[in-house]
Amino acid sequence: RSVFFRAPVSRGSARLRLSRVPLDGSAPPMGLTDWKDNWDGVVALHGGDLLVMVDQGAGFIRIPADGGEPGSPTTMDAGEYRGNLFPSSVLPGDEGVLLNGVSYGSRGWYIRIALLDPKTGKVRFLLDDAGNAHYAPTGHLLFTRGDALLAAPFDLGRLDITGPPAPILS
């Protein structure tokens, strides 16, 4: 229902502000909080708050829906993973945040889908060679792999993929 963006607080300023504007044009943009240099990606939770990744996915902060001071940083626990983590979308009920895990290895750039528990900071990887995941109301996780769109059955109760992916569009 809204678009979130960062923009200079005034013309020529290097200071950035995170703002929100409703898509229906019912209100002007509203500044939420100043943008920090170590912030990376933003995702809106269904409850209205925002999660902002910090330090290339090492942690995240929560910003209240109406703006103000962000909460204390929560460290993300991705085990031995040594890549960057960026938000893709949020599961219904704010049960999890789907992430893109991006790393560089001997064969070049590599992307995988991970799931963040926003209550604990625990990260679990779901799919390799996949990115840009979104949950569909049909009970599937939609994602890209190369130039193809795929779907895999996803159980919201278990927060896990329950079957093999199938191509939808190439």
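Some details on the pattern of salt bridges
Going through the model one piece at a time under the given rule, you end up with eight salt bridges. As a salt-bridge pair, Arg124 and Asp160 come within 3.5 Å of each other at their nearest N and O atoms. Here Asp160 lies in strand 15 (residues 160-161) and Arg124 lies in strand 11 (residues 123-128), a separation of 36 residues in the sequence. Here the residues in one salt-bridge network are Arg15, Arg17 and Asp34, joined through shared partners.

A short note on the sheet that holds strand 9 (residues 97-105)
Strands sit in the order 8-9-10-11 across an open sheet of four strands; the sheet is antiparallel. Whereas interior strands pair on both sides, the edge strands pair on one side only; in this sheet they are strand 8 (84-90) and strand 11. Going from strand to strand, the sheet's axes swing by 35° on average, the running direction of each strand aside. Examined bridge by bridge, strand 10 (residues 108-116) and strand 11 share five bridges and lie antiparallel to one another. The partner of Leu115 across the bridge, within strand 11, is Arg124.

What to know about the packing of aromatic side chains
Counted according to the given criterion, the structure contains four aromatic pairs. Geometrically, the ring pair formed by Tyr81 and Phe125 is tilted, given 4.8 Å between the ring centres and 50° between the ring planes. Here Tyr81, found in the loop between strand 7 (74-75) and strand 8, pairs with Phe125, found in strand 11; they are 44 residues apart in sequence, far enough to count as distant. We classify Tyr81 as buried; its relative accessible area is 13%. The exposure class assigned to Phe125 is partly exposed, which follows from its relative accessible area of 22%.

Comments concerning the environment of Asp129
Locating Asp129 in the fold gives a position in the loop between strand 11 and strand 12 (131-136). Here the alpha-carbon distance between Asp129 and Thr144, two residues 15 residues apart in the chain, equals 8.7 Å. Contacts of Asp129, omitting those with residues within four sequence positions, involve Tyr110, Ile111, Arg112, Thr144 and Arg145.

Concerning the sheet that holds strand 2 (residues 16-22)
Spatially, three strands are ordered 1-2-3 in an open sheet, and the strand pairing comes out antiparallel. Taken across any chain shown, the strands that pair with only one partner, and hence form the sheet edges, are strand 1 (2-8) and strand 3 (30-34). Pairwise comparison of adjacent strand axes, ignoring direction, gives a mean angle of 30° for this sheet.

Conventions used here
- Residues numbered from 1 in each chain as written.
- Predicted model: local features only at pLDDT ≥ 70, side-chain atom pairs only at ≥ 80, totals over all residues.
- Heavy atoms only, no water.
- Salt bridge = Lys/Arg side-chain N within 4 Å of Asp/Glu carboxyl O.
- Helix = DSSP H or I, 4+ residues; strand = E, 2+ residues; numbered from the N terminus.
- Pairing = 2+ DSSP bridges.
- Axes fitted to C-alpha atoms, helices over the stretch in contact; angles between N-to-C directions.
- Phe/Tyr/Trp six-rings, centres within 6.5 Å; stacked < 30°, edge-to-face > 60°.
- Buried < 20%, exposed > 50% of the residue type's maximum accessible area, 1.4 Å probe, protein only.
- Contact = heavy atoms within 4.5 Å.

Such coordinate-based values are descriptive only and should not be taken to indicate function.
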